[in-house]
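# Descriptive structure summary
Residues per chain are reported as follows:
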Amino acid sequence: MSSRTSSRGVPVPAGGGGAEGRARRAGRAAWRALRRPFTGVARRLRRLTHAHGAGESGLAKLIELHAVNSAGDMMITVALASTVFFSVPTNEARGRVALYLAVTMAPFALLAPVVGPLLDRVPHGRRAAMAGAMLARALLALTMSGAVAGGGLQLYPAALGVLVASKAYGVVRSAVVPRLLPPRISLVKANSRVTLAGLVATGLAAPAGAGLHLLGPAWPLYGAFVVFVAGTCLSLSLPHKVDSARGEARARLASGEAGAAGGRPVKAGLRTVGPSVLHGLQANAALRALSGFLTFFLAFLLRAQPLGGLGAAASLGLVAVAAGAGNALGTAVGAWLKARGPEPIVAAVLGLALGVTVLAAVFYGVMAVVVVTAVAATAGLCQALAKLSLDAMIQRDVPEGVRTSAFARSETALQLAWVVGGAIGISLPLIGVVGMVVAAGLVAVGAALAGRGLLGAGRRGGSAAPRVA
C-alpha cells in the first residue's frame, strides 16, 4: 500500500480519500455522535458534584463514591428480587411478615454494639474501612452468584453480610462528611448532595441490572462485583484529610449536668449528646415508625381493598411511586436549601406530616386515592429531610472520637422504630380510617416529645457540643 508523508515527516497510509478512508471517518463521526450525549451528561454531573467548592474540598469524590455504592447495592437487589429471599406472596401469613421484620433487625443488632465501637477505635482508617466494606460486598456478590439461581443456603448468610457491610459503609460515610465540608455548603446541603447522587445512581443501575438479568440470574451480581471493586479503589483515593488526626481527640461524652455534679464523664450514649440530637432522633423515630406502618398497613389494605378503579397491583404501584417521588423531592429540597439550622427543618417536616395525616384521617372515606397518595408522598418527603437534618446535627454536635458510634446507635434506633411501626401495621384491622388515625397518632407522639425542644434549639442556634475529655 502506498503512503504519504505528514507535516512531521511520519509516513501515513494512503487511502484517506478512498472508500476505506471515508468509512473510517464515517465510523469516527458516528462514534462521536453516539458518545456526545453521555459525555455531555457526565460533564454536567461533574460540574454539579464539584460546585460551591466541593471539588476543592474533596466532597465531590465522596459524592461519586456514594453513587457507586448505591449502584452496586441496587444490582444486588435486582439479583435477589428473583429469589425467595425478598419475595412476599400475596397470601403470606402475617406471622411470616413479622418474622421478616425481626430479620431486618439483624444487621443493626451487629452494627450498634460491635461495628460502631470498632470503627471508633480506628478513626484514622476511615478510607480503609469504606474500602473494606466495598471489597467485602464484591466478594459476597461472587459468593451469591453461584447460589442465586437455585436459592442455595449460602445465599442467606451472604445477603446478611451484604446488609451489614452496607450499613457499616453508611455509618463511616456519614462520619466523614464534616471532614470534607466546603466553607460555602451547610451540613444539610452536603448530606443532601451525597444522598441525591445515590438516588440518581440507583435509578440508572436498576435498568442496567435488569438488562444483565436477561443474560442470567447471576449476571447482576457479576456487575455488582465490578462496581464494588471500583468503589474499593475510589475509597482509597479519597483525600488524606479523611484519615488525618489534625483537630481530633479521643473523646468521652459528658453532659453539662455530669460536669457540674462532679466532673466525672458519663458513659457514651445518645442521651449525652445534647438536646438537639436527642430531639432530632425522637422526631426521626416517629417519622420512621410512620414509614414502617404505612409500608405494611397499606400493603395489606390495598390487596384487600384496591383504590377506586384500580387493581391491587396498580394501587400498590401508585403508592410506591408516590413514596419514592416524595423521598427524592425531600432529598432535592435539602440540596437546594440555603444555609439553615437543621432543627427548624425537622420541626417543619414533623408539623407537615402531622397535618397531612390528620387530614387523611378526616377525608379518607371521601377521596381515598388522593389521601393515600398524599400520605405516602408526604411520608417520603418528611423522612428524607428529617434524616438529612439528623445527620447534620450528629456531625455538628458529636465529637469525632465517638461519632461513628453515635451514627450506629441512631441507625439502630431508627430501624427499631421502623420495625415497631410495621408491627403495628400488620396487627391492625384493615380499615382505612383506623389506619390513618393511628398514623396521625404516631406522628403526634413525635411532635409532643420533640417539637418544643427542636424549636427552642433552633432559636438558640443549636446545642453546644458535649465537652471533650
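Keep in mind that this is a model prediction, so the values were computed, not measured.

Further remarks concern the overall build of the chain. Each helix and strand in the chain was counted, giving 16 helices and two strands. Counting only residues that meet the buried cut, the chain has 48% of its 469 residues in that class. Counting contacts in the chain only where the partners sit at least 6 residues apart, residues at least 24 apart contribute 83% of the total. If you sum the accessible surface of the chain, you get close to 21600 Å²; carbon and sulfur atoms cover 67% of it.

With 95 residues, the main nonpolar core has L59, L62, I76, M144, L294, L298 and M436 as its most contacted residues. Take this core: its biggest share by element is 13 residues, from helix 14 (residues 368-397). Leave out the neighbours within four places in its chain, and M436 touches L294, L298, T357, A360, A361, Y364, V371 and V375. In this structure, F296, F300, W418 and V419 belong to the second largest nonpolar core, which totals five residues.

Applying the stated rule across the entire model yields three aromatic pairs. Between W219 and Y222, the aromatic rings sit 5.4 Å apart at their centres with planes inclined by 85°, giving edge-to-face as the arrangement. Separated by three residues within a single helix, W219 and Y222 lie in helix 9 (residues 219-236), roughly one turn from each other. Take W219: its relative accessible area is 40%, and that puts it in the partly exposed class. Pairing F296 with W418 gives two aromatic rings, centres 5.5 Å apart and planes at 65°, and the pair type is edge-to-face. Of this pair, F296 sits in helix 11 (residues 275-304) while W418 sits in helix 15 (residues 403-427), and the two are 122 residues apart along the sequence. The burial state of F296 is the same as that of W418; both residues are buried.

This structure, assessed with the given rule, holds four salt bridges. Note that K387 and D391 form a salt bridge whose closest N and O atoms lie 2.7 Å from each other. Of this pair, K387 and D391 are both found in helix 14, four residues apart, which corresponds to roughly one turn of the helix. Here K387 and D391 have matching classes, each one buried. The partner of E411 in a salt bridge is K387, with the nearest N and O atoms 2.9 Å apart. Separated by 24 residues along the polypeptide, E411 in helix 15 and K387 in helix 14 bring together distant segments of the chain. Take E411 and K387: they sit in the same class, and that class is buried. Via salt bridges that share partners, K387, D391 and E411 belong to a single interconnected network.

An ideal rise of 1.5 Å per residue puts 44 Å on 30 residues; helix 14 measures up with 42 Å between its terminal C-alpha atoms. Taking burial as the measure, the 30 residues of helix 14 include 23 buried ones, the bulk of the element.

Moving on, we get to the packing of helix 3 (residues 59-81) against helix 9. Relative orientation of the contacting elements helix 3 and helix 9 amounts to 160°, with a least axis distance of 8 Å. The orientation of helix 3 with respect to helix 9, classified from their angle, is roughly antiparallel. The handedness of the crossing between helix 3 and helix 9 comes out as left-handed. Counted together, L65, V68, N69, A71, G72, D73, M75, I76, V78 and A79 of helix 3 and P220, L221, G223, A224, V227, F228, G231, L234 and S235 of helix 9 form the full contact between these two elements. Taken together, the residues of the contact of helix 3 with helix 9 break down into 13 nonpolar, five polar and one charged.

This part takes up the confidence of the model for the chain. Do not read the fine detail of predicted coordinates wherever pLDDT is low. Mean pLDDT for the chain: 75, with 70% of residues reaching 70 or above. Here residues 247-270 scores under 50 on pLDDT; set against residues more than four positions off or in separate chains, the count is 50 contacts.

Moving on, we come to the packing of helix 11 against helix 13 (residues 342-363). The description of two helices packed together rests on the angle between their axes and the distance between the axes. Helix 13 packs onto helix 11 with a crossing angle of 30° between their chain directions and a minimal axis gap of 10 Å. Here helix 11 is positioned roughly parallel relative to helix 13, judged by the angle of their axes. Read as a crossing pair, helix 11 and helix 13 show a hand that is left-handed. Together, S276, A283, L287 and L290 of helix 11 and E343, V346, V349, L350, A353 and T357 of helix 13 make up the contact between the two elements. Taken together, the residues that form the contact of helix 11 with helix 13 break down as seven nonpolar, two polar and one charged.

On the surface, V358, L359, V362, F363, V366, M367 and V370 cluster together into a nonpolar patch covering about 640 Å² of accessible area. Secondary-structure assignment places V358 in helix 13. The class of V358 is partly exposed, set by a relative accessible area of 40%.

The rules behind these values
- Residues numbered from 1 in each chain as written.
- Predicted model: local features only at pLDDT ≥ 70, side-chain atom pairs only at ≥ 80, totals over all residues.
- Heavy atoms only, no water.
- Helix = DSSP H or I, 4+ residues; strand = E, 2+ residues; numbered from the N terminus.
- Buried < 20%, exposed > 50% of the residue type's maximum accessible area, 1.4 Å probe, protein only.
- Contact = heavy atoms within 4.5 Å.
- Areas by Shrake-Rupley, 256 points an atom, 1.4 Å probe, with all protein chains shown as cover.
- Core = buried A, V, L, I, M, F, W, Y, C linked by side-chain atoms within 4.5 Å.
- Phe/Tyr/Trp six-rings, centres within 6.5 Å; stacked < 30°, edge-to-face > 60°.
- Salt bridge = Lys/Arg side-chain N within 4 Å of Asp/Glu carboxyl O.
- Expected span 1.5 Å × (residues − 1).
- Axes fitted to C-alpha atoms, helices over the stretch in contact; angles between N-to-C directions.
- Parallel < 35°, antiparallel > 145°, perpendicular 65-115°, else oblique.
- Left-handed = near helix turned anticlockwise from the far one by under 90°.
- Nonpolar A, V, L, I, M, F, W, Y, C, P; charged D, E, K, R; others polar.
- pLDDT = per-residue confidence, 0-100.
- Patch = residues over 30% accessible without salt bridge, like charges linked within 9 Å, V, L, I, M, F, W, Y side chains within 5 Å.

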